[in-house]
Amino acid sequence: MKQHTFSKRNIMKVLKFGGTSVANAENIQKVKSIVAEEAKKEKLVVVVSAHGGITDLLLETAHLASKQDEKYQEALEKIESRHLEIVQNLVPIASQSGIISYVKRELNTLETLLEGAFLIGETTPKLLDKIVSYGELLSSYIINQYFISESIDSVYKDSRQLIKTNDNFGKAVVDYKTTNTNCENYFGTVSYSTTVVPGFVASSHEGNSTTLGRGGSDYTAAIIAGAIQASVLEIWTDVSGMYTANPKLVKQAKAIAKISYQEAMELSHFGAKVLYPPTIQPVLSREIPIHIRNTFKPEETGTFITKNTNGKEQPVRGISHIDNISLLSLEGPGMVGIHGISKRFFEVLSQKEINVVLITQASSEHSICIAVATDDAKKAKEAIDEVFEYEISLHKIKPVIVEHQQAIVALVGDNMKSHQGLSGKMFSALGKNNVNIRVIAQGASERNISAVIKKEDVKKALNTLHERFFEENIKQLNLFVMGVGNVGAKFLNQIHQQKKYLKEKLKLNIRVVALSNSRTMVFDEGGIDLKEWEELLGNGEKADKVLFFEKVKKLNLRNSIFVDNTANEKVASTYADYLKNSIAVVTCNKIASSSAYENYQYLKDLSRQYSAPFLFETNVGAGLPIIDTLKNLIASGDRVNKIQAVLSGSLNFVFNNFDNQNPFKDVVKQAQVEGYTEPDPKIDLSGIDVMRKILILARESGHQMEIDDIENEAFLPEESLATTTVDDFFESLSTYKNHFDEIYKEATNNNCRLKYVAQFENGKAKVGLQQIPKDHPFYNLEGKDNIVLFYTDRYIDQPLIIKGAGAGADVTASGIFADIIRIGNF
């Protein structure tokens, strides 16, 4: 027979449809629509996989038969039922009988093969190839018959007549010379517009069915495309191309419009499941483009894979990963300078057919580290330990160390080698999110940078890197908020109002992932709808501080921030747990920062150690930038010598409104109702709140001080301080009305106003109610305002003054918000 020779690029297109695309009648109808449209333009070769799930069912059936388990017959019935159901739902009734008869005949033959396996109690690789080939053989026959019933000019061609292999059953090696000749001769003369071919299946030169291994249907399509010099190989699947990252793990991932063969292979090697790398090889050498498209969204562009991408795209084209990796390390002084160590190491792995995913070796030659699939780790360790048994017995080399629960993440891009600092950006972004890197590898081509990390960190790592390299520098902050009272509710409202502005102007995308009050808590990894947060929280699960932390930890999201809007000591005691997991803490709760100095310093140390900001600007002055200003003074080399301040907006409100017309109790009650005091106003009026604030300022100035070191000149009667309930406290204020009236009268007689003042000087601090004369900066401090005077080496005669509203839910919430923005800009 005369051989047909194709021109450099044939006007013929190869389309491959995967198992999901042909899983049922509805999906096959979508395939038909695509094929009918494409066939109008040029001749087609349509390669199809088995109906989704059938290959697994065939393997399960064979396994049961080989174990002499009669349940294999039930599995076989499922296979028959699936195929007949597809025929009945797909093909017009008038055309069904012939197809059903064919399917049943083929399944009878399959049943005979399975009965043989059942009788002898085993399956050979040769028999198994015959069994699993029925998936593609039946699906392709049914689909071709359906095409014919829909008036598509279609013909069926058994791929076993085209693709010839050796007899390495299970993963046969293609004889390209014979295969190319077969394909050229057949497709060079075929007159039909569409040829349907089963994927995955081939045959040996002796005529026995063989299979092409993992990714076999893609491989079939690529072999044919290469042989006939197709114009393009289209792979139709259930995703719209190759993505910048796994869209199931990274919601912001987007399809890559154009990518090179090498980039595609790198991404596929590192876990992108759209392609299996060897399938690209037959088209790579002939520079046939590959187009990955979505059967269910044919209107979308998909990904076009070509020889090159003109070098104009961004350096990083995609981020991929491989799960279920184990690290194996061989090390010891007996390896240094000894020839043949590496040869023996990798030779034994090759002999055991263990695939090495990643390799790294120290320049000292003291160790070799590899990554393998976890399923191979035990076999690999045993093999290596055996080959180095002598050196291990002499303690020159240690037994192989195995680390499980690992994964690989990789940046991929042809142009990475032309850009400086990419690895630094990668490792910096991961480090800031507490993703520990165990091993680093980079090929000489500089087309990928790979890192081995803990499996549990994969999602966070992928999102962190995607944000860094693909999201126009938009940084996502994930908030876990505890406390939704006055301050918390205002805070959530502010976030909701400013969300669009923050994203557009500051490139910050803020999501509230969790909320909790004292009764219930709610989590939503995708972000809680802040228009409905009250209802969602009301229907949440029972609040539990320990469980709340465990859920935050398990989610393991990048840029996580715990926000404490409470005044609860137990909540404050959890900060260390968050910081140790690289979760930032933002709080208006003063308890932690004013606790024992040892604990305060411990939290600051954890913050530095784990790169997790610990911010508490609102601990002093609500939304006023007091602590931030103080930090900047110290950081710039200034030294604070004296601090004078009115630090309680609630107390300033109380004493600005208390006079001979307004009883002290009523003014305090008004302050509580308007949210200027703590729920228990005694905390404010006892001076403990102000003591905590001046203590925090003293500590932030660089002084070691405890709360007991501060002198408190109390103005409340002992009986008021001794009350145990809020109601009893208010009752005591009524009882001692004359006491408070006398304090006011004395100040008025001295032409002074009452202010509750905190002072720090010469390492000592005190708080108390003072009579302030008219010429003092504190005299005209109105409403709920705070004022702080910093006397420093640079501000000697005229202090640095910070003044403004120092109490109230709105300004406190804005201070918390400001701390979160600081973290976002970090």
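See above for the structure.
These lines cover the structure that appears in this document, whether it is placed above or below.

What counts and how
Residues numbered from 1 in each chain as written. Predicted model: local features only at pLDDT ≥ 70, side-chain atom pairs only at ≥ 80, totals over all residues. Heavy atoms only, no water. Helix = DSSP H or I, 4+ residues; strand = E, 2+ residues; numbered from the N terminus. Rg over C-alpha atoms; globule rule 2.2 N^0.38 Å. Buried < 20%, exposed > 50% of the residue type's maximum accessible area, 1.4 Å probe, protein only. Contact = heavy atoms within 4.5 Å. Lys, Arg positive; Asp, Glu negative; His and termini not counted. Charge placed at Lys NZ, Arg CZ, Asp CG, Glu CD. Axes fitted to C-alpha atoms, helices over the stretch in contact; angles between N-to-C directions. Parallel < 35°, antiparallel > 145°, perpendicular 65-115°, else oblique. Left-handed = near helix turned anticlockwise from the far one by under 90°. Nonpolar A, V, L, I, M, F, W, Y, C, P; charged D, E, K, R; others polar. Salt bridge = Lys/Arg side-chain N within 4 Å of Asp/Glu carboxyl O. Pairing = 2+ DSSP bridges. Polar contact = N/O pair within 3.5 Å; in protein donor to acceptor, adjacent residues only side chain to side chain.

1. Regarding the overall build of the protein
So, step 1. Broken down by element type, the protein carries 29 helices and 30 strands.
So, step 2. Taking 826 residues into account, the globule formula puts the C-alpha radius of gyration at 28 Å, and the protein, at 37 Å, lies well above it.
So, step 3. Dimensions of the protein, computed from C-alpha atoms along their principal axes, come out at roughly 125 × 75 × 55 Å.
So, step 4. Buried positions account for 54% of the 826 residues belonging to the protein.
So, step 5. Residue pairs in contact within the protein that sit at least 24 positions apart in sequence constitute 72% of those at least 6 positions apart.
So, step 6. Averaging the positions of the 94 positive and the 101 negative side-chain charges in the protein gives two centres separated by 6 Å.

2. So, the packing of helix H22 (residues 649–657) against helix H23 (residues 664–673)
So, step 1. Running from N to C, H22 and H23 cross one another at 140°; their axes reach a closest spacing of 9 Å. Between H22 and H23, the angle is such that the two are oblique. Here H22 runs over H23; the crossing is right-handed. On the side of H22, the interface is formed by Phe653, Val654, Phe655 and Asn657, while H23 contributes Phe664, Val667, Val668, Gln670 and Ala671.
So, step 2. Across the contact of H22 with H23, the residue classes break down as 7 nonpolar, 2 polar and no charged.

3. Some points on the pattern of salt bridges
So, step 1. This structure, assessed with the given rule, holds 34 salt bridges.
So, step 2. The residue Glu150 makes a salt bridge to Lys32 at a minimum N-O spacing of 3.7 Å. In this pair, Glu150 sits in the loop between helix H5 (125–149) and strand E3 (154–156) while Lys32 sits in helix H1 (residues 25–39), placing the two residues 118 residues apart along the sequence.
So, step 3. For Glu150, a relative accessible area of 33% translates into the label partly exposed.
So, step 4. According to the relative accessible area criterion, Lys32 is buried, its value standing at 18%.
So, step 5. In this structure, Lys604 and Glu700 form a salt bridge, with 3.0 Å as the shortest nitrogen-oxygen distance. Here Lys604, found in helix H20 (residues 597–609), pairs with Glu700, found in helix H25 (residues 688–700); they are 96 residues apart in sequence, far enough to count as distant. The exposure classification of Lys604 matches that of Glu700, with both residues buried.

4. Comments concerning unusual backbone geometry
So, step 1. One non-glycine residue, Gln229, lies in positive phi territory at about 55°.
So, step 2. For Gln229, the location among the structural elements is in the loop between helix H7 (216–228) and strand E8 (232–237).
So, step 3. Residue Asn324 is not a glycine yet carries a positive backbone phi of 55°.
So, step 4. Its place among the elements puts Asn324 in strand E12 (residues 318–331).

5. Some details on the environment of Gly340
So, step 1. Within the secondary structure, Gly340 sits in the loop between E12 and helix H10 (341–351).
So, step 2. For Gly340, a relative accessible area of 31% gives the class partly exposed.
So, step 3. Separated by 176 residues in sequence, Gly340 and Ser516 have C-alpha atoms that sit 61 Å apart.

6. Structural notes on the sheet that holds strand E23 (residues 584–587)
So, step 1. Pairing is mixed across the open sheet formed by 7 strands, whose spatial order is E21-E20-E19-E18-E22-E23-E24. Either end of the sheet is taken by a strand with one partner, and the two such strands are strand E21 (541–542) and strand E24 (614–615).
So, step 2. Taken together, the 5 bridges between strand E18 (residues 475–482) and strand E22 (residues 560–564) define a ladder with parallel strand orientation. Bridged to Met482 within E22 is Asp564.

7. Some thoughts on the sheet that holds strand E4 (residues 164–165)
So, step 1. Spatially, 3 strands are ordered E4-E6-E7 in an open sheet, and the strand pairing comes out mixed. The open sheet is flanked by E4 and strand E7 (209–211), the only strands paired with a single partner.
So, step 2. For strand E6 (residues 201–204) and E7, the ladder comprises 3 bridges, and the chain directions are antiparallel. Looking at E7, one finds that Ser203 is bridged to Ser209.
So, step 3. Strands E6 and E7 of the sheet are contacted by H5, whose axis makes an angle of about 75° with E7.

8. Looking at the side chain of Thr566
So, step 1. Here Thr566 shows up in the loop between E22 and helix H18 (569–572).
So, step 2. Of note is the side chain of Thr566, whose polar atom sits 2.6 Å from the side chain of Asp564.
So, step 3. At 3.1 Å, the side chain of Thr566 and the backbone nitrogen of Asn568 are in polar contact.
So, step 4. Once residues within four sequence positions are removed from consideration, Thr566 is found in contact with Met482, Gly483, Val571, Cys588 and Asn589.

9. A word on the pairing of strand E20 (residues 520–523)
When a strand is regular, its side chains alternate between the sheet's two faces.
So, step 1. What you see with E20 is no split at all: Thr520 and Val522 on one side and Met521 and Phe523 on the other are buried throughout.
So, step 2. With 3 bridges connecting them, strand E19 (residues 508–516) and E20 associate as antiparallel partners. Each bridged residue has a counterpart across the sheet, and for Ser516 the counterpart in E20 is Met521.
So, step 3. In this antiparallel pair of consecutive strands, E19 and E20, the connection spans 3 residues.
So, step 4. In this sheet, E21 lies alongside E20 in antiparallel orientation, the contact comprising 2 bridges. Paired with Met521 across the strands is Glu541, a residue of E21.

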